[in-house]
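What the coordinates show
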Amino acid sequence: MRWRKTKAGEPPAAPRSTRSRMLIAAVAGALGVFAFAPFGWWPLQILALALLTYQALRADSIRAAALVGWAFGFGWCLAGFHWLYITLNSFFYLPAWLAGPAIALLAAGMALYAAGAMGATAWLRKRWPLPLPAATLLVLPAFWAVFEVLRGWLFTGFPWVTAGYAHNTSPLAGYAPVLGVYGVSWLAAITAGALPLLMHPFRYKAIALVAFIWVGGFALGRVEWTAPAGQALSVRLVQGNVALENKFNIEHIGNTLRMYQQVVTSAPADLIAIPETGVPLFPSQLPPGYLDTYGKFARRTGSHIVLGMPMTNGPEYSNSVLGLAPSLAASTYRYDKHHLVPFGEFIPTGFRWFTNLMQIPLGDQTRGPAIQAPFAVKDQKVLPNICYENVFGEEIAEQISLTGATIMLNVSELAWYGESIAIPQHLQMSQMRALEMGRPMLSATNTGATVVISPRGEVTHALPYRQPGVLSATVQGMSGDTPYIKLQNKLFLALAALSIAAAWLWSRLPRK
């Protein structure tokens, strides 16, 4: 057993146990939720990652380091998306004794990625071996961000509370158009890795590296990656504030249909959008002439209308938006959601019993194509995405790269998450997408956040949450590709690989 140094005359103190390190890491991970919206205390995230770095690299073994990482990830994820309990318990009627453990089990599974990052760092440090600065500045940050990529990709991905989102308003936001959210995570982890070195002989070089990174973020934040394209659009985004328990209730659907019809046709605009499944019926189930009313209004006023509604292809159905244009030559447009939510929108093999238990409406959908054309609105190209798709920046970047879209439009139904932090977190992700793409993001939701976001990730127009209303604004489309649109995550992954290679070279240097 190793002992820590103590003052003369004092008995030696036992090294901290793995359990105590795990407890410290779990608390640090849970506190990391305050770095994200709606709190926005992003320096706290740097401190949390620094504490993880310290505890993981002082663990006694590779297994212990992985356990410390798992504990941190469990606290991080459980605090970050505890709001899923509201969905399971309040709307899918899963009893508390099942809903609570289900969320804990999800957090435990997502924590395996943090465990992998810390375990891989400890293994590599032992194998090469690595000096402490190489581990904290090169290896651990790279593995942390790469394992975040894996969390956002494997098993369809669940990249909620990815570390980089906390920095949409920090100086590191300047890197978003270049490296994307995962690259921002990597730079945040490098910054955190420098903190345990403040008492190390390498501290001045570590401080210089962090200063270079943050000054670079300030400088990149002033670069104009994209330029205005075409004429600005007048936009109306409708927030219906329809109670979720009434949305699919046959006794209330008629009122919902009339409300949206009246609000949409009350005033013209170049683009008018209602939320995801704002029209909760298939076209064949709608009252006769219902959609024709929108089409006639579009043709009479020159408006383009986006309706969130389910659509059918024979026996299959999809979560879609229907676009109605004033031109008879291109009167309709359709976008089908591609990246579906497990259990909520598609049923993984062997889990139909679970979705039947939760009585999920529209719970077994078909996917749309990965690349779909944007909606032509005058001389702008408006690219829709639906709710959860907003979390996957690399997919949106690829679509923009191939279609030349100039404006992004997210339609969402976030009432599933009650009055929780999920709504501002989703907004924060929309802000990151605007930063990455250098394009405005419009968001039309049922209960909030209904907003207009500038290409710099700033909310310029917004409606109050949980109130019906119409958000009117003028929005300028943007053209040109940011580095992230061109390369998606490839540049960040290449830099992460170079970091590992640099650590290997460092390990081969003669020790003084």
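In what follows, the accompanying structure is described. (Residues numbered from 1 in each chain as written. Predicted model: local features only at pLDDT ≥ 70, side-chain atom pairs only at ≥ 80, totals over all residues. Heavy atoms only, no water.)

With respect to the environment of Ile485
For Ile485, the position within the fold is in helix α15 (residues 483–487). Taking the relative accessible area as the measure of exposure, Ile485 reaches 0% and is therefore buried. When residues no more than four places from it in sequence are discounted, the contact partners of Ile485 are Ala397, Ile400, Ser401, Glu436, Met437, Arg439 and Gly480. (Helix = DSSP H or I, 4+ residues; strand = E, 2+ residues; numbered from the N terminus. Buried < 20%, exposed > 50% of the residue type's maximum accessible area, 1.4 Å probe, protein only. Contact = heavy atoms within 4.5 Å.)

What about unusual backbone geometry?
The peptide bond linking Ala37 to Pro38 adopts the cis configuration, its omega dihedral lying at 5°. Its place among the elements puts Pro38 in the loop between α1 (18–31) and α2 (42–57). Positive phi outside glycine occurs at Val161, with the angle close to 50°. Within the secondary structure layout, Val161 lies in the loop between α6 (132–151) and α7 (176–194). Relative accessible area serves as the criterion here: at 3%, Val161 is assigned to the buried category. Within the chain, Lys378 stands out as a residue other than glycine whose phi angle is a positive 55°. Here Lys378 lies in the loop between β7 (375–377) and β8 (380–386).

Points about the pattern of salt bridges
Scanning all chains against the criterion turns up seven salt bridges. Among the ionic pairs, Arg334 bridges to Asp336, the shortest N-O distance being 2.7 Å. Looking at Arg334, the relative accessible area reads 27%, which means it is partly exposed. Since its relative accessible area comes to 11%, Asp336 is described here as buried. (Salt bridge = Lys/Arg side-chain N within 4 Å of Asp/Glu carboxyl O.)

Section: the packing of aromatic side chains
If you walk through the whole model with that rule in mind, you get 22 aromatic pairs. Taking the centre distance of 6.2 Å and the plane angle of 55° together, the rings of Phe39 and Trp41 count as tilted. Between Tyr290 and Tyr294 the ring centres are 5.2 Å apart and the planes differ by 80°, which places this aromatic pair in the edge-to-face class. You can see Tyr290 and its partner Tyr294 sitting in helix α11 (residues 290–301), four residues apart, about one turn around the helix. No difference in accessibility class separates Tyr290 from Tyr294, as the two residues are buried. Each residue in the set Phe81, Trp83, Phe158, Trp160, Tyr388, Phe392 and Tyr417 is aromatic and connected to the rest through ring pairs, giving one cluster. (Phe/Tyr/Trp six-rings, centres within 6.5 Å; stacked < 30°, edge-to-face > 60°.)

What about the pairing of strand β5 (residues 316–324)?
Extensive coverage of β5 is indicated by the burial of seven of its nine residues. With nine bridges connecting them, strand β4 (residues 304–313) and β5 associate as antiparallel partners. Bridge pairing links Asn313 to Glu316 in β5. Hairpin connection from β4 to β5: two residues lie between these consecutive antiparallel strands, with Gly314 at a positive phi of about 65°. Bridge analysis of β5 against strand β6 (residues 332–336) gives five bridges, and the strand direction is antiparallel. Bridged to Val321 within β6 is Tyr335. (Pairing = 2+ DSSP bridges.)

Keep in mind that these numbers describe shape and distance, not what the molecule does.
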